[in-house]
Each structure stands twice: as C-alpha cells, then as structure tokens.
Amino acid sequence: MTIRHLKIFLSICSNDCSTTKDAENLHMTQPAVSLAIKELESHYGIALFDRIGRRLQITQAGLRFKEYASHITTLFDDMEKKMLNWDSFGILRVGASITIGSQFLPGYVKAFYSQFPGTEVHATIGPSAQLEEKIMNNELDFALIEGVSHISSLITEEYMEDGLSVICPPDSPLCSEQEISIETFRRQKFLLREYGSGTRETFDRVTEEAGFSITPIWESTSTAALINAVANGLGIAVLPCRMVSAALGQGLVRKIRIKGLSFHRKFHIIYHKQKFLTASAKFFLDLCRNEK
C-alpha cells in the first residue's frame, strides 16, 4: 500500500465513485485504477466499494478508510511542501550578544523576513559565553558576538568594527581634561559589564595589553544600569559607543579619552565547524556581512 494507492482511492471518491472519470482525471487507464483499488481491498481485507451494476457505492469501511486516507495524504503533502522548501518554512535559531541584539539584530531580522517571510527567526540574546555553549549543544544555528570565540570547534569570522567609550559623570573633574593619563584612569572606580560578555572581554584585553588589570566595584549585565550609575556619580564605565550615545546627547554622562588606550573591537559571526548552513542561514549571514 502506497500514497499513490490512497490518492487514487480519494480521487475515485471525488469523481462520483467512477473509475472511468477517475482514470481520465489521473491520466491512467481504467484497469490500472481498478487494480489499485483491488490491491487496497486485498491488503486490508475489506470492501471499500459495493459493485452494484456498473456503479460503485462506497461502503461503511470505505467511509472510514476515506477519513484516514484524507488525513494521511494531507500530512504527506504538507511534509513534501515543507521539507522540500525548508528554507521558506523552517526555523532559524540566531544568537546575539547584548549590544548586537539590541542595536542590530532587529534590523537584520526585518530585512531577512522580506526575503524569507515563511521562516521563523528564534532569537536568543545573552552573553557571548552563553551563546557559545548553546552552539556547542546545537541549540543555536549561529551567533553574532562582540568578543572572540576561544573554542576550537567553532568558526569565527570578523564582520563589523565597533568601539567602546569611556564615560564619567557630567560634573566629574575628569571632564576638564582633553585626555587623562593611564595612571589617573587606573585610580577610578569602575562600573563594568559582567565577566564573559564581549564588552568586558574587550576591556580586559586592552588593559592587560597595557600592563594592568581592573577590579570593578560594580558588575552588571545591564548597560542601562551602568549608565545610570555613572550618571549618579558612582564611577566610570567603558561601554559600547552606540549604547551610550543617547545618554551623551542628553548630557547625563560625559565622554573622556585615555592617553595611550583605545578600546576598539570587531563583531564576529560564530558557528560550529560541522554545522550545515541552509540557504536561509547563509542569506542572514550575508546581511550581517554587508552591514556598514
């Protein structure tokens, strides 16, 4: 018994139980249609039709069989449509670190939907380390992170440059200087993103290369909380330029420069080396690569 048998049976039912009409509709011979019905009846040991004269009349068993056949063929057709066009109807699991997720990901997804409206994008926003773990557990197809992956099983690709700003309270004495020295910088109270975030990793890398390390008095996963803390005079913070631009424009915080230090970084695409990327996934990544 095959899907072809079921479709022949359903076609007969929709053609007034006429094997002749059915044969014409399916571009088959009438004997081939009759043989398919006989094979079904033999397989299940039931009569699907009563043969009364030259006409067929569906039996009670046939009516029940019709319900099953309709359900099965509908599921089969749906499977064929969805699986053969997975890029148009599937799910794309995207991860993004907090800065990228809040500033860029909505635009990426909007542009993606214009080309793949039937594909659902399931997004996870979180620290880079968490996203790496999810990729390793095959819970994400790929991720966009602020730092650099240190897992050898992952492919890491640079795709955008970014920078961090050092901000202080608007009434801080530091604002009176065009640049402050590294020694003055080191003596400040620091309010930083949490360990494992791309922003924190960039900060730690730059300070380590300069020969010192910082122990913050505040750590937070919330950039907004850190900006608010700086605005209230609790210390200085080093945060993504795009995330502090509004507060700078409102005069809530001030930007300062550090002589000899530059907090530049690049955003990265990461995915597992053995991950098969569908056409829709590749399209999404191209959107990211073309972002300026």
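These notes cover the structure that comes with them.

Looking at the overall build of the protein
Scanning the protein for helices and strands turns up 13 helices and 12 strands. Per-residue burial for the protein yields a buried fraction of 44% across its 292 residues. Partitioning the contacts of the protein with sequence separation of at least 6, the portion at a separation of at least 24 is 73%. Total accessible area computed for the protein in this model is approximately 15800 Å², and 51% of it derives from carbon and sulfur atoms.

Considerations on unusual backbone geometry
Of note, the phi angle at Asn138 is positive, near 60°, even though the residue is not glycine. Position of Asn138 relative to the elements: it lies in the loop between helix H8 (128-136) and strand E5 (142-145).

Focus: the side chain of Asp162
Tracing the backbone shows Asp162 in strand E6 (residues 154-168). When its relative accessible area of 8% is taken as the criterion, Asp162 is described as buried. Among the polar contacts listed, one links the side chain of Asp162 to the side chain of Arg242, at a separation of 2.4 Å. Looking at Asp162, its side chain comes within polar contact range of the side chain of Arg265, at 2.8 Å. The contact partners of Asp162, leaving out residues within four places of it in the chain, are Pro240, Arg242, His264, Arg265 and Phe267.

Structural notes on the packing of helix H1 (residues 3-14) against helix H3 (residues 30-44)
A pair of packed helices is characterised by two quantities: the angle between their axes and the separation of those axes. Remark: H1 packs on H3, axes separated minimally by 9 Å, with the N-to-C direction vectors making an angle of 110°. Classified by the angle their axes make, H1 and H3 are roughly perpendicular. Considering the relative orientation of H1 and H3, their crossing is left-handed. Here H1 contributes His5, Leu6, Ile8, Phe9 and Ile12 to the contact with H3, which in turn contributes Val33, Ala36, Ile37, Glu39 and Leu40.

Observations concerning the nonpolar core
When a protein is soluble and globular, its nonpolar side chains tend to lie buried together. Counting residues in hydrophobic clusters, the biggest one holds 23 residues, and the most contacted among them are Ile100, Leu105, Tyr108, Phe142, Leu144, Tyr159 and Phe284. Only strand E3 (91-96), helix H7 (105-115), E5, E6, strand E12 (264-272) and helix H13 (279-289) provide two or more residues apiece to this core. With near-sequence residues (within four places) excluded, Leu144 lies in contact with Gly95, Ala96, Ser97, Ile100, Leu105, Tyr108, Leu131, Tyr159, His268, Ile269, Phe284 and Cys288. Listed in part, the 19 residues of the second largest apolar core include Cys175, Phe190, Phe212 and Ile256.

Here we look at the environment of Ile270
Within the fold, Ile270 resides in strand E12. Given the relative accessible area of 0%, Ile270 is considered buried. It is 5.7 Å that separates the C-alpha atoms of Ile270 and Phe142, two residues lying 128 residues apart in sequence. With sequence-adjacent residues up to four places away left out, Ile270 is seen in contact with Glu132, Ile135, Phe142, Ala143, Ile145, Ser149, Leu154, Ile155 and Thr156.

So, the pattern of salt bridges
For the structure shown, the criterion picks out 18 salt bridges. Lys7 serves as the salt-bridge partner of Asp77, at 3.0 Å between the closest nitrogen and oxygen. One end of the pair, Asp77, is in helix H4 (residues 60-84); the other, Lys7, is in helix H1, and 70 residues separate them in sequence. Assessed through its relative accessible area of 36%, Asp77 is described here as partly exposed. Glu146 is the partner of Arg265 in a salt bridge, and the nearest nitrogen-oxygen pair spans 2.8 Å.

Section: the pairing of E3
Judged from the six bridges that link them, E3 and strand E4 (residues 120-125) form a sheet pairing that is parallel. Bridging from a neighbouring strand, Val94 pairs with Ala123 of E4. Bridge analysis of E3 against E5 gives three bridges, and the strand direction is parallel. When the sheet's bridge partners are listed, Val94 is paired in E5 with Phe142.

Some thoughts on H8
Those residues of H8 that sit buried are Ser128, Leu131, Glu132 and Ile135. All buried residues of H8 fall inside an arc of 100° around its axis, so they share one side. Against the buried residues of H8 lie E3, E4, E5, E6, helix H10 (198-209) and E12. Phi turns positive, to about 60°, at Asn138, one or two residues after H8.

Looking at the environment of Ser102
Inspection of the secondary structure puts Ser102 in helix H6 (residues 98-103). A C-alpha to C-alpha distance of 16 Å links Ser102 and Leu287, two positions 185 residues apart in sequence. A polar atom in the side chain of Ser102 sits 3.2 Å from the backbone oxygen of Thr99.

Calculation rules
Residues numbered from 1 in each chain as written. Predicted model: local features only at pLDDT ≥ 70, side-chain atom pairs only at ≥ 80, totals over all residues. Heavy atoms only, no water. Helix = DSSP H or I, 4+ residues; strand = E, 2+ residues; numbered from the N terminus. Buried < 20%, exposed > 50% of the residue type's maximum accessible area, 1.4 Å probe, protein only. Contact = heavy atoms within 4.5 Å. Areas by Shrake-Rupley, 256 points an atom, 1.4 Å probe, with all protein chains shown as cover. Polar contact = N/O pair within 3.5 Å; in protein donor to acceptor, adjacent residues only side chain to side chain. Axes fitted to C-alpha atoms, helices over the stretch in contact; angles between N-to-C directions. Parallel < 35°, antiparallel > 145°, perpendicular 65-115°, else oblique. Left-handed = near helix turned anticlockwise from the far one by under 90°. Core = buried A, V, L, I, M, F, W, Y, C linked by side-chain atoms within 4.5 Å. Salt bridge = Lys/Arg side-chain N within 4 Å of Asp/Glu carboxyl O. Pairing = 2+ DSSP bridges. Arc of directions from axis to C-beta.

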